[in-house]
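Fold and geometry: a report
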Amino acid sequence: MKSWKFGLVVLTASSALLASCGTQSSQDNVLDVELPLKTTSIAPYETDVPVQAGAMESLFKVNSNGKVEPLLAESYKQVSPQKLEMTIRDNVSFQNGDKLTGEKVKQSLDYALKHGDLVKATLPIQSISADGQKVTIETSEPYPELASELASPFAAIFDTSAKGDVDVQPVGTGPYQIKDYQRSQKIELSRFDDYWQGKPQLEGVNITYQEDGNTRVSHLQSGKADLITNVPVTSVDALEKDDKTKISSVPGYRTQMLIYNHDSKKMTKDVREALDLIIDRESIAKEISKGYAKPATGPFNDTLDFVEEKPVQKQDIAQAKQLIEAAGYSKDKPLKIQLVTYEGRPELPKIAQVLQSDAQKANIDIEIRNVDDIEGYLADRSQWDATMYSFGTIPRGDAGYFFNQAYHPDGAINKGDYHNQNVTAMINRLNQTVDKKEREQLSNEIVNEVQKDVPESYITYNDTIDGLNRNVSNFKATPEGIYLIDYKVGLKDAD
């Protein structure tokens, strides 16, 4: 498996929008947004910020049901496992007035493949050809999920011939155009009156960065912000009770999990099964996530129609204890393991503490280590036995994205070095399967085969939770947490 199979880890960065196509005429119709993560570049192949902000659009988009559908592409056909043909919409212009053509799409993708490490690592594109509005992409290996990956915000289309620095002022096709960007501080975008789906409701949007969740909530309540993302679950009740604010939430595609280190001699299958039995998924969803999560039964949220419904694994301390005793451990000689967690997802350390408490009842002594650089720490598997982790397992509607990252030997989030030759062969077969129903059936078969090994324990599916002032209209949180501002979002009391 080549490095491009690592896939994209969709990062939630930040963005902004501001006034109309010219000079902003009034602050009354400008949306103030606060996002948690800073960016040092807003080139679309470096961050999802431009798509969040409504400045950029991709060839495809994931709908609310998790299905990939054409956006800038009007139609498409997967001719073979290595060839995708598309027809680009004929009525779309960039924000500088230039028409979107097949050649412009080719130039954008070629530029992103050359300059964007994430795009280069994800899309195994061998060649792109354009003829009018027709675009043909051929991959170096069978890759039938190409349309799904082209829905990634990192593959958003921009005008490579536009004036200015693409890191500071990329030109896209979205309803708002970037007016000013101050690195790691704020972005301003203005309305693009000639947007192809209709005139945007707002004159613009200002987006600033605020990493602290409680501060974002305070700014929303004070009116400093109109919209915030990643609302801490502990603040949801207060925002719902406030007559000036409200919550928009939706079942999300992010799964909280416990990943086991298969290089650790301690983490035998019996031990992994025991830890899986110790997890009280229903209690964690209710008490830690305050009901804004549901117990997980596998890697993918079973609200997706192709995912087989399964019963939730119940906590069974007694059975876990039997497995641990059979492995040679006891109350006097408990199993001692290192569990890593991190604050980036505030619920993960809390889940780790609950596991630590419950594991003691099964003669497992868990030492929790909270680290800042989780990715860097996990790279050295001699330091840990298990780790808390949170991942958007199906951000673009296709299970192959997660399988190639988590279960394949070369996968980017195969942190525990999981290997199963049969599973690898099944994934390779999926990578060459074009038919949608066949892919979905094989995806469920892979999940069932993997779960026999218990390489990971899936804990909860977490909701996407956004907070907004009550005068914000036509806004809904989306499962993947990427699509934030579109041309329909407005302010009710704006002039």
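Residues numbered from 1 in each chain as written. Predicted model: local features only at pLDDT ≥ 70, side-chain atom pairs only at ≥ 80, totals over all residues. Heavy atoms only, no water.

Moving on, we get to the overall build of the chain. Counting its regular elements, the chain contains 14 helices and 19 strands. Viewed in the frame of its principal axes, the chain has a C-alpha envelope of about 75 × 55 × 35 Å. Put simply, of all contacts in the chain between residues at least 6 apart along the chain, 72% involve residues at least 24 apart. As displayed, the chain offers around 20,100 Å² of accessible surface, 43% of which is attributable to carbon and sulfur atoms. When the 56 positive and 74 negative side-chain charges of the chain are each reduced to one mean point, those points stand 1 Å apart. (Helix = DSSP H or I, 4+ residues; strand = E, 2+ residues; numbered from the N terminus. Contact = heavy atoms within 4.5 Å. Areas by Shrake-Rupley, 256 points an atom, 1.4 Å probe, with all protein chains shown as cover. Lys, Arg positive; Asp, Glu negative; His and termini not counted. Charge placed at Lys NZ, Arg CZ, Asp CG, Glu CD.)

To continue, consider the UniProt feature "domain: Solute-binding protein family" (unreviewed entry) in the chain. According to UniProt, the feature "domain: Solute-binding protein family" (unreviewed entry) maps to residues 67–411 in the numbering used here. Helix makes up 27% of residues 67–411 and strand makes up 26%, while its end C-alpha atoms are separated by 23 Å. (UniProt positions renumbered as here; feature names shortened; annotations may be inferred.)

Here we take up the sheet that holds strand E4 (residues 73–80). Pairing is antiparallel across the open sheet formed by four strands, whose spatial order is E4-E5-E7-E6. Edge positions in the sheet fall to E4 and strand E6 (125–131), since each of these pairs with one other strand and no more. Mean inter-strand twist for the sheet, computed between neighbouring axes without regard to direction, equals 15°. As paired strands, E6 and strand E7 (residues 134–139) are joined by six bridges and run antiparallel to one another. When the sheet's bridge partners are listed, isoleucine 125 is paired in E7 with threonine 139. (Pairing = 2+ DSSP bridges. Axes fitted to C-alpha atoms, helices over the stretch in contact; angles between N-to-C directions.)

The end-to-end C-alpha separation of helix H2 (residues 102–115) is 20 Å, in line with the 20 Å expected for 14 residues at 1.5 Å each. Every buried residue belonging to H2 is among Gly102, Lys104, Val105, Ser108, Leu109, Ala112 and Leu113, and all of these are buried. End-on, the buried residues of H2 take up no more than an arc of 165°, which puts them together on one face. Of the surrounding secondary structure, the elements contacted by the buried residues of H2 are strand E5 (83–88), helix H3 (117–122), E6 and E7. (Expected span 1.5 Å × (residues − 1). Buried < 20%, exposed > 50% of the residue type's maximum accessible area, 1.4 Å probe, protein only. Arc of directions from axis to C-beta.)

Now for the packing of aromatic side chains. For the structure on display, the rule yields 15 aromatic pairs. Summarising the aromatic geometry, the rings of phenylalanine 300 and phenylalanine 306 are spaced 6.4 Å apart at their centres and angled 50° between planes, so their arrangement reads as tilted. On the basis of relative accessibility, which here comes to 3%, the residue phenylalanine 300 falls in the buried class. A relative accessible area of 12% means that phenylalanine 306 is categorised as buried. When the ring centre of tyrosine 483 is taken as reference, the NZ or CZ atom of lysine 61 above it lies at 4.7 Å. Residue placement shows arginine 396 over the ring face of tyrosine 401; its charged tip is 4.7 Å from the ring centre. (Phe/Tyr/Trp six-rings, centres within 6.5 Å; stacked < 30°, edge-to-face > 60°. Lys NZ or Arg CZ within 6 Å of the ring centre and 35° of its normal.)

This paragraph deals with the nonpolar core. By size, the foremost hydrophobic cluster in this structure holds 69 residues, and its most contacted members are Leu31, Leu59, Met86, Ile137 and Leu150. Setting aside anything within four residues of it in sequence, one finds leucine 150 in contact with Ser58, Leu59, Phe60, Leu84, Met86, Leu109, Leu123, Ile137 and Ala155. Counting 66 residues, the second largest nonpolar core, distinct from the first, contains Tyr253, Ile288, Ala352 and Leu430. (Core = buried A, V, L, I, M, F, W, Y, C linked by side-chain atoms within 4.5 Å.)

Here the focus is unusual backbone geometry. Within the chain, asparagine 363 stands out as a residue other than glycine whose phi angle is a positive 65°. With respect to the helices, strands and loops of the structure, asparagine 363 is situated in the loop between helix H10 (347–360) and strand E15 (364–370). One non-glycine residue, aspartate 417, adopts positive backbone phi at about 60°. Mapped onto the elements, aspartate 417 comes out in the loop between helix H12 (400–406) and helix H13 (421–430).

Let's shift gears to the pairing of E15. Relative to E15, strand E14 (residues 335–341) runs parallel, the two being bridged by seven bridges. Within the sheet, the bridge partner assigned to leucine 335 lies in E15 and is isoleucine 364. With respect to chirality, the unit in which E14 leads through H10 into the neighbouring parallel E15 is right-handed. (Right-handed = clockwise from strand over helix to strand, strands pointing away.)

Two side chains with opposite charge may pair up if their charged atoms get near one another. According to the stated counting rule, one finds 22 salt bridges in the structure shown. With a shortest N-O distance of 2.9 Å, aspartate 110 and lysine 106 are connected by a salt bridge. One end of the pair is aspartate 110 and the other is lysine 106, both in helix H2 and four residues apart, which spans about a single turn. Here arginine 396 ties to glutamate 149 by a salt bridge, and the two come within 2.9 Å at their closest N and O atoms. (Salt bridge = Lys/Arg side-chain N within 4 Å of Asp/Glu carboxyl O.)

One can describe the packing of helix H7 (residues 269–278) onto helix H9 (residues 317–326) by two numbers: an axis separation of 8 Å at closest approach and a directional angle of 165°. Put simply, H7 runs roughly antiparallel to H9. Once H7 is placed against H9, the crossing between them reads as left-handed. Here H7 contributes Asp270, Val271, Glu273, Ala274, Leu277 and Ile278 to the contact with H9, which in turn contributes Ile317, Gln319, Ala320, Leu323 and Ile324. (Parallel < 35°, antiparallel > 145°, perpendicular 65-115°, else oblique. Left-handed = near helix turned anticlockwise from the far one by under 90°.)

What follows covers the pairing of strand E1 (residues 30–35). Extensive coverage of E1 is indicated by the burial of five of its six residues. Strand direction decides the pairing type here: E1 and strand E10 (residues 204–209), joined by six bridges, are parallel. Across the sheet, the residue bridging to glutamate 34 is threonine 208, located in E10. Pairing between E1 and strand E11 (residues 227–228): two bridges, direction parallel. Among the inter-strand pairings, glutamate 34 is bridged to a residue of E11, identified as isoleucine 228.

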